[in-house]
Structures are given as C-alpha cells and as structure tokens.
Amino acid sequence: MTAEQIAAVLKRYEDGNTTPQENKSIEHWLDAVNNPDASWPVWDRPAKDQWLATVFTEIHASIHKEQLNVVKLPGRNKIVWRSIAAVAAVVFIAITLYLQSPVHSDHNSTPLISLVTRADQKTQITLADGSKVWVNAGSELKYPKVFQTGTREVYLSGEAYFDIAHDASKPFIIHTGTITTRVLGTAFNIKEDKLTHIVKVTVTRGKVSVAHGSQLLGVLTPNQQISFNGDKNSAVKEHVDAQRITAWQHDDLQFEDINFGDAVAQLQDQFHVKIVFSNDKLRNCRFSGTSLNGQDLDKILDVICAFNNATYTRKADGSILIEGAGCDK
C-alpha cells in the first residue's frame, strides 16, 4: 500500500465513505496506537474530523518528502508519532490485515470503477447485472465491472436513482457514508447531503431495508422515505411523493398541484443555484398542469413566474431573487 493509498483511505474515512468494517479496523488502530488515554471513542464527530483532517494533511504533504516529520494531535500537548513513515507503517499493517481477512478478501480484491459527474452533468449507466443507475450532478458512484461475490455492492457519494434487477441469490447493497441500503430488486433514490450530513432514501417501487451500521433504521415501501441525520444520529420515516423527489432524473419537470416554494426547491436541486423569495407569501402560491423541459432554467422561471404573477432577477453573486405580491394561502 503506497502513501497515496493510505492518504486516500484516511480521506474516505474523514468524509464518511468507508464501510462499517473499515471503520472498525481504522478506529481499532487509532485506539491501540495513538490514544493511550482512550480518548478517541469519546470524541464527538467534529473533534474526530479535525484530528483526521490534520493527519490527512500531514501525510499528503509528506508523500514526496524524504525527511521525517513530527505530528502533534490537535488540542493535545504530547507528540505521539515520530514520523510519517511510522504512521504509514501502522496504517499499512492494520488495513492490510483487514483486507487479507477471509471474510473480506474477495470483496475488497475486486477493483472498482469510479464514475464522477460534473456539477452540470447527469449520467445513466447499466451495471453488469442489468441494474440501471441514474447518477445526479456532482456525485460519485463506485462499482465493480462484474459482481463476483454473493452480494452486489456499490458505493455512492451524492445522489443517484437505482432500478435494480431482481436476483434473490445476490442482494444489492449500496454504501452511502455510514448508511447501508439493501434490496433484492426494486427502484429507489438515495441522496447524501454532505453539508447537513443527512442521507435520504426514498422508494418508488418494491421494498428496501436501511441500516446505520448494525442498527436497522427501517424497511421502506413505495412513497416512503427515511432521513438519517449523522450529526444527531437520528432517523425519521415518513410518507412522501416519490415521483416528485425523483423528478431530477428526467429532462422534463412535472409541476402538478404544487406550491411555488416546493417548485423552487426542486429547481435549486436540479440546477444547483440559490433561489430566494422577496416575499414569503409567494411560497404558498399553487399552480398545476405544466410540464417543462428541464434544460433551460430561464425558460422555466419565465413560465412559473407568469403563473404566479411574479418576476425574477439574477443577482451578481449568481443567486436568483423572485419578487411579487404572493398569495395568502
């Protein structure tokens, strides 16, 4: 394992993109080697993120250096590592032992393809088993070229819509940070918000189970959603309009009996732009019966603003301001 690979593992851990098994291995190493006072298990998430960010920065900066460095833990007075070389050696031992264990060797030896979409791009792919995935803008999907083990596992960062080919002998598993979504054959949407640390799983067809580590958060059927808040370690299950939530995958936008506020939220998600109202009463205006091509934001705003007796202005910072008298209800 190279220094670049070690840095990549720590970066995935820092971002919450490692598997529960990887988390256990890495945190065991942290506890055994760098925390003689056993403080790591009781640190909160911000403290862990700060510590890991420092470790990652030091390792990354030292990859091409020959001299030894000294790393200090943030907020602590004593030096715990003598060199980046020592850090790399310990990480190598811990992660190598994990990867070579009989339980995980087959899965982790399978190379993964990384599909990354730009902020202005959406992509649809078909996996080796016939499952279809629509990957939203600014997202990443990691998947094997061929599913070789008893499960079909992929890794998602961002948002994607899955239409999974049924295979009772091979459950399909999606890892999104610390959230695991497990299905046999169904269609659903997963959205990870890295800013709020909230993962939302929404089902349009079939049934899925959603777990946080070993904790089952719930089983979902069509038009049900689970929202997991990583900061609060809490989950909420509710009924939703799954078609509206998954509308981003289509070029056409459907506005059927919707209020202006919800329509704008949909546009913000699709076009990654901030849209604000000058008058909160505008949010309550309802309109219906329009289907618009979702490739031109200005044309969409022209139509829905006309429906609601409103106007819009593009601001210097790139945001959009919508103005109008609004509606009372």
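These figures come from a predicted structure and were not determined experimentally. (Residues numbered from 1 in each chain as written. Predicted model: local features only at pLDDT ≥ 70, side-chain atom pairs only at ≥ 80, totals over all residues. Heavy atoms only, no water.)

Peer 1: What am I meant to see in the sheet that holds strand 16 (residues 234-239) here?
Peer 2: The pairing of strands in a sheet happens through backbone hydrogen bonds and is either parallel or antiparallel. The seven strands are arranged 4-5-8-11-12-15-16 in an open sheet whose pairing can be described as antiparallel. Each edge of the open sheet carries a strand with a single partner, namely strand 4 (123-126) and strand 16. Strand after strand, the sheet turns through a mean of 15 degrees between neighbouring axes, direction not considered. Where strand 12 (residues 198-205) meets strand 15 (residues 224-229), five bridges bridge the pair, whose relative direction is antiparallel. The residue of strand 15 that forms the bridge with Val201 is Ile226. (Pairing = 2+ DSSP bridges. Helix = DSSP H or I, 4+ residues; strand = E, 2+ residues; numbered from the N terminus. Axes fitted to C-alpha atoms, helices over the stretch in contact; angles between N-to-C directions.)

Peer 1: Just checking my understanding: could you explain the side chain of Ser227 for this structure?
Peer 2: By secondary structure assignment, the location of Ser227 is in strand 15. Ser227 gets classed as buried once you look at its relative accessible area, which sits at 14%. Engagement of the side chain of Ser227 in a polar contact is seen with the side chain of Gln225, the distance being 3.4 Å. In this structure Ser227 touches Ile198, Val199, Lys200, Ser234, Ala235, Val236 and Glu238, once residues within four positions along its chain are discounted. (Buried < 20%, exposed > 50% of the residue type's maximum accessible area, 1.4 Å probe, protein only. Polar contact = N/O pair within 3.5 Å; in protein donor to acceptor, adjacent residues only side chain to side chain. Contact = heavy atoms within 4.5 Å.)

Peer 1: Just to check I follow, could you spell out helix 7 (residues 260-271) for this structure?
Peer 2: The α-helix winds at 3.6 residues per turn, so residues separated by three or four positions along the chain end up facing the same way. Across its 12 residues, helix 7 extends 16 Å between first and last C-alpha, which sits within 8% of the 16 Å expected from 1.5 Å per residue. Of all the residues in helix 7, the buried ones are Phe260, Gly261, Ala263, Val264, Gln266, Leu267 and Gln270. Taking the backbone nitrogen of Gly261 as reference, a side-chain oxygen 3.1 Å away marks Asn259 as the first, capping residue of helix 7. Count one or two residues on from helix 7 and you reach His272, which has phi positive near 55 degrees. (Expected span 1.5 Å × (residues − 1).)

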